[in-house]
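An overview of the molecular structure
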Amino acid sequence: MKPRQCWSIMVDKADRKLAQIQSEMVRARKLLDTLEASQSRLLVLYEEYRVRVNSAESMSHGMQDALNHRQFMAQLVALSERVAQDIARANYSIAGLSQQMTQAECERLKMKTLDEKEQLAFATHVRKHEQRSMDELGVSQFNRIGLS
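Residues numbered from 1 in each chain as written. Predicted model: local features only at pLDDT ≥ 70, side-chain atom pairs only at ≥ 80, totals over all residues. Heavy atoms only, no water.

What about the side chain of Ser8?
Our working definition: Each helix is a run of H or I in the DSSP string that is no shorter than four residues. Each strand is a run of E no shorter than two, and both are numbered from the N terminus. Only protein chains enter the accessibility calculation, which uses a 1.4 Å probe. A residue is then buried if its area is under 20% of the maximum for its type, exposed if over 50%, and partly exposed in between. Two residues qualify as a contact provided that any one of their heavy atoms is within 4.5 Å of a heavy atom in the partner residue.
Counting through the fold element by element, Ser8 comes out in helix 1 (residues 6-54). What makes Ser8 buried here is its relative accessible area of 19%. When residues no more than four places from it in sequence are discounted, the contact partners of Ser8 are Asp115 and Gln119.

In structure tokens form, the structure reads like this:
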């Protein structure tokens, strides 16, 4: 007789789910890091371009250049806003994954506890069965000695 394997299987399944969520969390954090780096590069680029536009050398280029500069700066601002929205979405995703990870960890612990209880119940059953067998053997030996 063996202990039931259902809880062990459920523990393995919970472990796999937890590992999957953890890998998704790692990817989400890498994406967030990339987005934050992009945002900081955009801010630096915008500031450098703004300083260059305001310098005396760019004042002499003409109306078309000024329009192009403004248009480029507007594009940088729009791109920066989009990156900020992506960062907000990534943070929201990380929060959701964190909640999922907490739930998966609770489920894993529950399954592990049930598996341990099953193992303990089986060990207790085996111990009682062995004790019963030993008691029967002892009684039969006592009866054999008593009859002789």
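Let's pick the thread back up.
Digging into the nonpolar core
As a reminder, the rule being used: By nonpolar core we mean a set of buried residues, namely Ala, Val, Leu, Ile, Met, Phe, Trp, Tyr and Cys, connected to one another through side-chain atoms within 4.5 Å.
Leu32, Leu35, Val83, Ile87, Ile94 and Leu97 are the most contacted members of the largest nonpolar core, which totals 14 residues. If you list the elements that add at least two residues to this core, you get helix 1 and helix 3 (63-147).

Topic: the environment of Gly96
Secondary-structure assignment places Gly96 in helix 3. On the basis of relative accessibility, which here comes to 27%, the residue Gly96 falls in the partly exposed class. Separated by 27 residues in sequence, Gly96 and His69 have C-alpha atoms that sit 41 Å apart.

Some words on the confidence of the model for the protein
Here is the rule we go by: The predictor attaches a confidence to each residue, called pLDDT, with possible values from 0 through 100.
Mean pLDDT over the protein: 89, with 93% of residues reaching 70 or higher. Predicted confidence in the protein is weakest over helix 2 (residues 56-59), with a mean pLDDT of 54, and strongest over helix 1, with 92.

Quick look at the pattern of salt bridges
Formally: A carboxyl oxygen of Asp or Glu within 4 Å of a side-chain nitrogen of Lys or Arg is what we treat as a salt bridge.
Under the defined criterion, the tally for this structure stands at 5 salt bridges. Across the pair Asp86 and Arg89 runs a salt bridge, and its minimum N-O distance is 2.5 Å. On the criterion of helical spacing, the pair formed by Asp86 and Arg89 is a turn pair, its members being 3 residues apart in helix 3. For Asp86, a relative accessible area of 23% gives the class partly exposed. Among the salt bridges present, the one from Glu107 reaches Lys110, with a minimum N-O distance of 3.4 Å. Of this pair, Glu107 and Lys110 both sit in helix 3, 3 residues apart, roughly one helical turn. The exposure class of Glu107 is partly exposed, given its relative accessible area of 34%. Classification of Lys110 by relative accessible area gives partly exposed; the value is 44%. Residues joined by salt bridges that share partners form a network here, namely Asp15, Glu105 and Arg108.

With respect to helix 1
Going by this rule: Here, expected helix span is obtained from the residue count minus one, scaled by 1.5 Å.
Spanning 49 residues, helix 1 covers 72 Å between terminal C-alpha atoms, matching the ideal 72 Å at 1.5 Å per step. For helix 1, every residue scored as buried is listed here: Ser8, Val11, Ala14, Leu18, Ile21, Met25, Ala28, Leu32, Leu35, Ser38, Leu42 and Tyr49.

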